[in-house]
6 protein chains.
Amino acid sequence: MNVHLNRRYRFSASHRLHNPELSDEENRDCYGKCNNPHGHGHNYTVEITLSGEVDPVTGMVCNLADLDGFMQSKLIERFHESNLNQDEFFRNQIPTTEALCRRIFDQVEHNFSDAKLERVRVEETSHNAFEYHRAGKRFQ
Amino acid sequence: MNVHLNRRYRFSASHRLHNPELSDEENRDCYGKCNNPHGHGHNYTVEITLSGEVDPVTGMVCNLADLDGFMQSKLIERFHESNLNQDEFFRNQIPTTEALCRRIFDQVEHNFSDAKLERVRVEETSHNAFEYHRAGKRFQ
Amino acid sequence: MNVHLNRRYRFSASHRLHNPELSDEENRDCYGKCNNPHGHGHNYTVEITLSGEVDPVTGMVCNLADLDGFMQSKLIERFHESNLNQDEFFRNQIPTTEALCRRIFDQVEHNFSDAKLERVRVEETSHNAFEYHRAGKRFQ
Amino acid sequence: MNVHLNRRYRFSASHRLHNPELSDEENRDCYGKCNNPHGHGHNYTVEITLSGEVDPVTGMVCNLADLDGFMQSKLIERFHESNLNQDEFFRNQIPTTEALCRRIFDQVEHNFSDAKLERVRVEETSHNAFEYHRAGKRFQ
Amino acid sequence: MNVHLNRRYRFSASHRLHNPELSDEENRDCYGKCNNPHGHGHNYTVEITLSGEVDPVTGMVCNLADLDGFMQSKLIERFHESNLNQDEFFRNQIPTTEALCRRIFDQVEHNFSDAKLERVRVEETSHNAFEYHRAGKRFQ
Amino acid sequence: MNVHLNRRYRFSASHRLHNPELSDEENRDCYGKCNNPHGHGHNYTVEITLSGEVDPVTGMVCNLADLDGFMQSKLIERFHESNLNQDEFFRNQIPTTEALCRRIFDQVEHNFSDAKLERVRVEETSHNAFEYHRAGKRFQ
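Given the structure is predicted, the values throughout are model-derived calculations rather than measurements.

**Student:** Sorry, what's going on with the relation of the copies chain D and chain B here?
**Tutor:** Turning one copy of the chain about an axis and sliding it along that axis gives the other copy, so a rotation and a shift relate them. With an RMSD of 0.0 Å, the operation that places chain D on chain B is a rotation of 120° combined with a shift of 0.0 Å along the axis. Taken together, these values place the two copies in the relation of a three-fold axis. Interface residue correspondence from chain D to chain B reaches only 9%, placing this contact among heterologous pairings that use different surfaces.

Here it is in structure tokens:
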């Protein structure tokens, strides 16, 4: 019996969308107010989707306490109340929410092996959400 | 790097479910109170899912300002505070939320080409949602 | 020990804002798209606030089963999937959400006596809500 | 035209996670506070996803009144304000939310034939959700 | 400048509504399914409302880190994933949500003095909420 | 007939909590991670509560189109996708959400006279909200 598990985490952070290889005018054209030099911010929601066989002894896909421990210590504390542009992850990359999904996906996939990572979804506002799916899956 | 983008829009409209080819009794049997002759209404939420490669220059799948401009001017202003039965889209079709998903899908697919349209989801109430998926995809 | 109880109900209805004593132009100026002749609609949420002493035997302010029975049979079934302009309540009154709050307040106050009615709140959309408070109370 | 329909139901129940084949210490290690002997509880949300061709006469995938009738009488009334450990379904199975998804999936699939069952999703809290998908579909 | 601060906490617990001084039949009549002998449960949300002058040095009414520390260690950990009927608070009292509001109010008022406690609100489900207000205030 | 109207607006912004009159250590002690030098951010929700007599001609407390026009042009566009520390309002004041409530209250009260301003509520996250009430009212 294969089941999918979705678990949500929240953090608040700021970012500025700006590509140093573009002119100031090109940056404003591309990013609008998101390019304002002092940044802006969001309450982000991260949803992790894992799949796996339900363990016949425990009745669970994976132990949520383990997933929570990993996510809080490795990712949520790192991002919460931070400026994403200052994060090592985004030293050479623009901290769009698309990029954030991918960074989180890679971290979870390489470091948390209790179940198969299927998707990382990040909601930036109540109107926007981005998702990175395991390669070769859904919609491809 | 392929990412999915979900963006939400809201409008308030009324509709009446009634098939002129059925008798009044058949209509009441089929649609219940949704067939009442004076109509009723909802706050609809539309969620557009697009997918695409993340542009290495901008870090984005598509520019949300462009998607918002298209959606507001072509669809949301049209539907907001209207009666769907009066809309040209539903001249020969019953304005169920199933039909609404398909109409929105076709409009976005034919007129907005910045990324690939994967799905249109319309929530009619907090308990109901309908989705039209790109043909040949998921669950088929 | 005096406690306040809030209970929510939902219904979907349509309405049109139009005052027959105003000209068509005045109606459009005043109500904008809400004046469109075919109406539009909403998912309404009604929140009833009652207060009272906690009964030492039951530990409750009032029995929710009784409140639910009253609300469903007398008000929610009446409004759900209806057009408010056709309702007897609004024969001589414009069915704004302000007026709806008052109508619901009067019905509950006169017919449900298990606890003291303090407030009726009606949410028209996720961005709008109106409240009618017991006379002489808060903010007056 | 194939459309997906999602419909939500809610119930409140208690459960205790405990495997009688494990020692008390193993149970505490595995389930933490969820193993406390007197149980705890949740407000569960069940989302049923059905797919099918839109009926050209009714404009609908399936009649929601029929789905609601089935779900309320066969499942929601059964679970609402109950202790899941006492339910026949969980006589020989630990009532994790993973197991609950599967039990609901099997009941709907075998007894409600108006459209194809694709998925059952159960939200245990605002931070957790589990999904059981039709075999051989998505992510497999 | 006097400001009100609202802060939310969540816990999941079970309870059974039963008055040992009433007969079994009276209990069933009064509490319905909430009287079932094995209990049921909820995801509770607690909202604490404090008021006070904004400190001219910090710009804050009170330090949220202190409030969170108090609430988590004294109340939320105590209730989370527990059975309220087993709690010392409810040894001689039926664990209705009305009673829970009052118990939380008294604990916060007597033990957390950084700002004035105005109200405790507990949401039992998305449709029900109860509130205990400081004596002599609003609606009295 | 006196009715209260609540209307919500949303914006995303960043801020840093730091008092230049305190030492770096005192700032960290007081504000924790909110003092991080590069700031962080939130999706803010502003709720405006107005009260007034319902106009017998229009059936409304005030015209929402007028309130929306005022709020969007004077406040929401100003704050959206900005850094609050750079705003003229906070040149000599720490941009806590307490201070933001008061600033918005003063702007609305002095510049929007169609109904009486009762309260400004700002939600900083789904767990925190602050309110500034008209002087001499509720809880004082």
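Having seen it, we continue.
**Student:** Mind showing me how you'd approach helix α3 (residues 97-111) of chain B here?
**Tutor:** Owing to its 3.6 residues per turn, the α-helix brings residues three or four apart onto one side. Across its 15 residues, α3(B) extends 21 Å between first and last C-alpha, which sits within 8% of the 21 Å expected from 1.5 Å per residue. Within α3(B) the residues assigned to the buried category are Thr97(B), Glu98(B), Ala99(B), Leu100(B), Cys101(B), Ile104(B), Phe105(B) and Val108(B). Looking at the buried positions of α3(B), the neighbouring elements they touch are β1 (2-15), β2 (40-53), α2 (64-79), β4 (116-125) and β5 (128-133) of chain B together with β1 (2-15) of chain D.

**Student:** In this structure, what is going on with the pairing of strand β4 (residues 116-125) of chain F? I would like to understand it.
**Tutor:** Side-chain positions along a regular strand alternate between the two faces of the sheet. All names here are of chain F. Of all 10 residues making up β4, 8 are buried, and the element is well covered by its neighbours. Across 7 bridges, the pairing between strand β2 (residues 40-53) and β4 is antiparallel. Paired with Leu50 across the bridge in β4 is Leu117. Note that β4 and strand β5 (residues 128-133) share 6 bridges and pair antiparallel. The residue bridging Val122 from the neighbouring strand is Phe130, located in β5. Connecting β4 to the next strand, β5, in antiparallel fashion are 2 residues.

**Student:** How do you make sense of the interface of chain A and chain F when you look at a structure like this?
**Tutor:** Interfaces are often sized by the amount of accessible area the parts lose when they come together. Between chain A and chain F, the residue contacts involve 22 residues of the former and 22 residues of the latter. In total, chain A and chain F occlude about 1700 Å² of area from one another, counting both sides; carbon and sulfur atoms represent 45% of this. Ranking the residues of chain A by area buried against chain F places Lys33(A), Asn43(A) and Glu81(A) at the top, with a combined share of 35%. Counting across the chain A and chain F interface gives 0 salt bridges. At the boundary of chain A with chain F, the tally comes to 23 residue pairs in polar contact (both at pLDDT 80 or more). Of all the elements in the fold, those that place two or more residues in the side of chain A that touches chain F are β1 (2-15), β2 (40-53), β3 (82-83) and β4 (116-125) of chain A. Each residue belonging to the side of chain A that touches chain F can be placed in one class, and the counts come to 2 nonpolar, 15 polar and 5 charged.

Basis of the calculations
Counting of residues starts from 1 at the beginning of each chain's written sequence and follows it residue by residue. Going through the entries in the order they are written, you letter the chains from A and number the ligands from 1. Where totals are concerned, whole chains, interfaces and linings use all residues; where local detail is concerned, this predicted model gives features only for residues with pLDDT of at least 70, and gives and counts side-chain atom pairs only at 80 or more. Side-chain metrics in this entry use all non-hydrogen atoms of the structure; hydrogen atoms and water are not considered. All copies are superposed by least squares; the fitting set is the C-alpha atoms of residues with a pLDDT of at least 70 in both. The contact criterion used is simple: two residues touch if any of their non-hydrogen atoms lie within 4.5 Å. Each helix is a run of H or I in the DSSP string that is no shorter than four residues. Each strand is a run of E no shorter than two, and both are numbered from the N terminus. Here a helix's expected span is defined as the number of its residues, less one, multiplied by 1.5 Å. For every residue, the accessible area (1.4 Å probe, protein chains only) is compared with the maximum for its type, and the residue is labelled buried under 20%, exposed over 50%, or partly exposed between those bounds. We call two strands paired when DSSP finds no fewer than two bridges between them. Put simply, buried area is how much 1.4 Å-probe accessible surface two parts lose in total, over both of them, once they are put together. A carboxyl oxygen of Asp or Glu within 4 Å of a side-chain nitrogen of Lys or Arg is what we treat as a salt bridge. What qualifies as a polar contact is a pair of N or O atoms within 3.5 Å, subject to a donor-acceptor requirement within protein and to the restriction that residues adjacent in sequence count only when both atoms come from side chains. By the convention adopted, Pro, Cys, Tyr, Trp, Phe, Met, Ile, Leu, Val and Ala count as nonpolar, Lys, Arg, Asp and Glu as charged, and the other residues, Gly among them, as polar.

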